[in-house]
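# Inside the fold
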Amino acid sequence: MSSGDNQLPYEGRYFRAPHKSFQETVIFVHHYGGNRSSVRKHQEFLSDLGFDTVSFTLSQPARPQFLEGFLLNELKPGLRERWTEEILKVIQCVPGKKILYTFSFPSAATAIAMAKSESHDIQAWIADGGPFLMPLTCFWNYYTHIEKTPALWRRIARVGLGAVSLGMLRLKDELSAALSRLPKGFPVLSIRSWQDPLVPISAIDEAFVGQSHIHLETLTLAEAGHIDGLLRFPEEYKPRVEKFLNRYATRIASASREAAQPSSPRKSE
């Protein structure tokens, strides 16, 4: 998979499929704390299916060394709002039909960006590990299992102040309003896992309550953790994602003719 020449904001890059089969470009939005390289395995998977893809890097929270610095930085609101504007700008910079593929908490910012874009060229959305509500529970889990904070008082402080920084108090209303603006029948594939230590399935379900106009499909993995389904259980993950994409993406005419022809057996390597 090679990177194209097109430059996008926020370190964004195109990754061109060797044999482009679909009109849509898939825009990846990485998880909290990740970067554009965090989605590389997923890009390789979609590249093999015939999709051009885009990845970029969201703004990151400050990581000061001392608690005092942490408190000052976490008290600054606006990180989720900044993500929303960054995602929106990338959506606007990528021409043609698009599919969004998002991970964990930034999925909420993506939903709000889609609503703001008022674009008719977003064909579908794959959301792995998000969006979710119950944010205090999920961030408590984050500081318990991922960015481990053993001291109870410090963990409470980080969860509370993080809630301010990430706009948690407004999340439910803003996410609900954004999802309600998606077109009737808009297809969403929600990927979740029973063994996710960060985001319980109930937190994802709560995000979609009252959104019956969305065509919501789910892939529920019995043993996967948080957003690790492709890596650990590709035999379940890949066919379901491929089926969803084949249903809602637009196959290029020449690729359709090639797909209709019998394929020759692949040589073993």
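Residues numbered from 1 in each chain as written. Predicted model: local features only at pLDDT ≥ 70, side-chain atom pairs only at ≥ 80, totals over all residues. Heavy atoms only, no water.

### A look at the packing of helix H4 (residues 106–117) against helix H7 (residues 168–180)
Between H4 and H7, the least distance of the axes is 8 Å, while the angle of their chain directions is 45°. Taken together, the axes of H4 and H7 are oblique relative to one another. In this structure, the crossing between H4 and H7 has a hand that is left-handed. For the pair H4 and H7, contact is made by Ala 108, Ala 111, Ile 112 and Ala 115 and by Leu 171, Glu 174, Leu 175, Ala 178 and Leu 179, respectively. For the contact of H4 with H7, a count of residues per class yields eight nonpolar, no polar and one charged. (Axes fitted to C-alpha atoms, helices over the stretch in contact; angles between N-to-C directions. Helix = DSSP H or I, 4+ residues; strand = E, 2+ residues; numbered from the N terminus. Parallel < 35°, antiparallel > 145°, perpendicular 65-115°, else oblique. Left-handed = near helix turned anticlockwise from the far one by under 90°. Contact = heavy atoms within 4.5 Å. Nonpolar A, V, L, I, M, F, W, Y, C, P; charged D, E, K, R; others polar.)

### Examining the packing of aromatic side chains
Applying the stated criterion across every chain, the model contains 13 aromatic pairs. Ring geometry for Tyr 32 versus Trp 83: centroids 6.1 Å apart, planes at 70°, classification edge-to-face. Taken as a pair, Tyr 32 in the loop between strand E3 (25–29) and helix H1 (40–49) and Trp 83 in helix H3 (residues 79–93) lie far apart in primary sequence, 51 residues in all. For the residue pair Tyr 32 and Trp 83, the accessibility class agrees, reading buried in each case. Put simply, the rings of Tyr 32, Trp 83, Phe 105, Phe 132, Phe 139, Tyr 142 and Tyr 143 pair up and form one aromatic cluster. (Phe/Tyr/Trp six-rings, centres within 6.5 Å; stacked < 30°, edge-to-face > 60°. Buried < 20%, exposed > 50% of the residue type's maximum accessible area, 1.4 Å probe, protein only.)

### Points about the nonpolar core
Counting residues in hydrophobic clusters, the biggest one holds 47 residues, and the most contacted among them are Ile 27, Ile 87, Ile 91, Met 114, Trp 125, Leu 175 and Leu 179. Mapped onto this core, the elements with two or more residues apiece are E3, H3, H4, strand E6 (122–128), helix H5 (135–145), helix H6 (152–165), H7 and helix H8 (201–207). Examining the composition of this core, we find that six residues originate from one element, H3, more than from any other. Residue contacts for Leu 179: discarding those within four places in its chain leaves Ala 111, Trp 125, Ala 207, Phe 208, Gln 211, His 213 and Ile 214. In this structure, Val 26, Phe 28, Leu 221 and Val 241 belong to the second largest nonpolar core, which totals 25 residues. (Core = buried A, V, L, I, M, F, W, Y, C linked by side-chain atoms within 4.5 Å.)

### Describing the confidence of the model for the protein
Here the protein shows a mean pLDDT of 87. Residues at 70 or above account for 85%. Scored below 50 in pLDDT, residues 64–76 shows 16 contacts in the model against residues more than four places distant or in partner chains. Taken as a whole, residues 263–269 scores under 50 in pLDDT and shows zero contacts with residues more than four places along the chain or in a different chain. (pLDDT = per-residue confidence, 0-100.)

### As for the pairing of strand E5 (residues 98–103)
Taken across its six residues, E5 has six buried, putting it largely inside the fold. Of the two faces of E5, the one lined by Lys 98, Leu 100 and Thr 102 and the one lined by Ile 99, Tyr 101 and Phe 103 are each fully buried. Here five bridges tie E3 to E5, and the two strands are oriented parallel to one another. Bridging from a neighbouring strand, Thr 25 pairs with Lys 98 of E5. In terms of strand pairing, E5 meets E6 through six bridges, oriented parallel. Residue pairing in the sheet places Ile 99 in a bridge with Ala 124 of E6. Tracing the backbone out of E5, into H4 and back to the parallel element E6 gives a crossover that is right-handed. (Pairing = 2+ DSSP bridges. Right-handed = clockwise from strand over helix to strand, strands pointing away.)

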